[in-house]
Amino acid sequence: MHNPSIVTASALALAVIAATTPSFARDEQSIRQGAEPSAKHGVQGAHDAGMGKTLPTGAQDFVEHAAEGGMAEVALGKLAVSKATDQDVKEFAQKMVDDHSKANAELTSLAKSKSLEVPTEPNAKHKAEADSLSKLSGAAFDKAYMTSMVADHDHDVAMFRNFSERGDDTELKAWAGKTLPTLQDHERLAKTTASKVGVNERTGSTGMGATHGAAQ
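Criteria and cut-off values
Residues numbered from 1 in each chain as written. Predicted model: local features only at pLDDT ≥ 70, side-chain atom pairs only at ≥ 80, totals over all residues. Heavy atoms only, no water. Helix = DSSP H or I, 4+ residues; strand = E, 2+ residues; numbered from the N terminus. Expected span 1.5 Å × (residues − 1). Buried < 20%, exposed > 50% of the residue type's maximum accessible area, 1.4 Å probe, protein only. Contact = heavy atoms within 4.5 Å. Polar contact = N/O pair within 3.5 Å; in protein donor to acceptor, adjacent residues only side chain to side chain. Phe/Tyr/Trp six-rings, centres within 6.5 Å; stacked < 30°, edge-to-face > 60°. Lys NZ or Arg CZ within 6 Å of the ring centre and 35° of its normal.

Colleague: Help me out: how do you make sense of helix α4 (residues 87-113) in this one?
Modeller: Since the α-helix advances by 3.6 residues per turn, residues separated by three or four positions end up pointing in the same direction. The first and last C-alpha atoms of α4 sit 39 Å apart over 27 residues, in line with the 39 Å expected at 1.5 Å per residue. V89, F92, A93, M96, V97, H100, A103, N104, L107, L110 and A111 are the residues of α4 that are buried. In this structure, the buried residues of α4 make contact with α3 (59-83), α6 (138-166) and α7 (170-196). Two to three positions downstream of the cap, the backbone nitrogen of D88 sits 2.9 Å from a side-chain oxygen, assigning the N-cap of α4 to D86. A positive phi of about 60 degrees marks S115, the residue just after α4.

Colleague: Quick question: what am I supposed to make of the packing of aromatic side chains here?
Modeller: Aromatic rings considered in pairs are described by the distance between their centres and by the relative angle of their planes. Applying the stated criterion to the full structure yields six aromatic pairs. Look at F62 and F160: their rings are 5.2 Å apart centre to centre, the planes differ by 70 degrees, and that puts the pair in the edge-to-face class. Placement of the pair is F62 in helix α3 and F160 in helix α6, with a sequence separation of 98 residues. Across the pair, exposure class does not vary: F62 and F160 are buried alike. Summarising the aromatic geometry, the rings of F141 and Y145 are spaced 6.0 Å apart at their centres and angled 5 degrees between planes, so their arrangement reads as stacked. Here F141 and its partner Y145 are both found in helix α6, four residues apart, which amounts to about one turn of the helix. Classification of F141 as buried rests on a relative accessible area of 0%. Following the ring pairs from residue to residue traces out a cluster consisting of F62, F160, F163 and W175. Over the ring of F141 we find K83, and its NZ or CZ is 5.9 Å from the ring centre.

Have a look at this one:
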């Protein structure tokens, strides 16, 4: 039989190690999920700044993420054009509809030429976000929408930059690099517009207890 005191001591030691080495635990989990450990491991270890999301470097994954995000931007933009009360928010939303519709068409054409699958609608998370926003109105809607747009474009810029540098398809890398400046313009405009309607950029707070994270 095992000595109970030895077993207890061993279990305690393992618990202490796990509690004091969170990065090891995260890396071990990443390995089990088929990903490289975080941070120092280059391409697969590239993470969305501040969001803890591994950014795609494979062509199919990038197409799926970019297409779903782009369609969500268009859907939310159309919603905001009809529901926003602030004129700057309405103009921002229309720009999202126009620019992302164009980018979506370009991406779809390029992806299909490579026999890559392209999503035809936003994913469940994006749909849930649209549903949540649709229930708001007035200033509360404007603030929540712009909070979402800041977070979404922070993510988009990180994803497109990463793929343009580390992606595994030359033509898609070039397209991501060409599209990146537009997304960076969107990111700057989103932060400016959000500030105008009272969103605290540093905390993402709307000042009304309603915040929205990234949808991608």
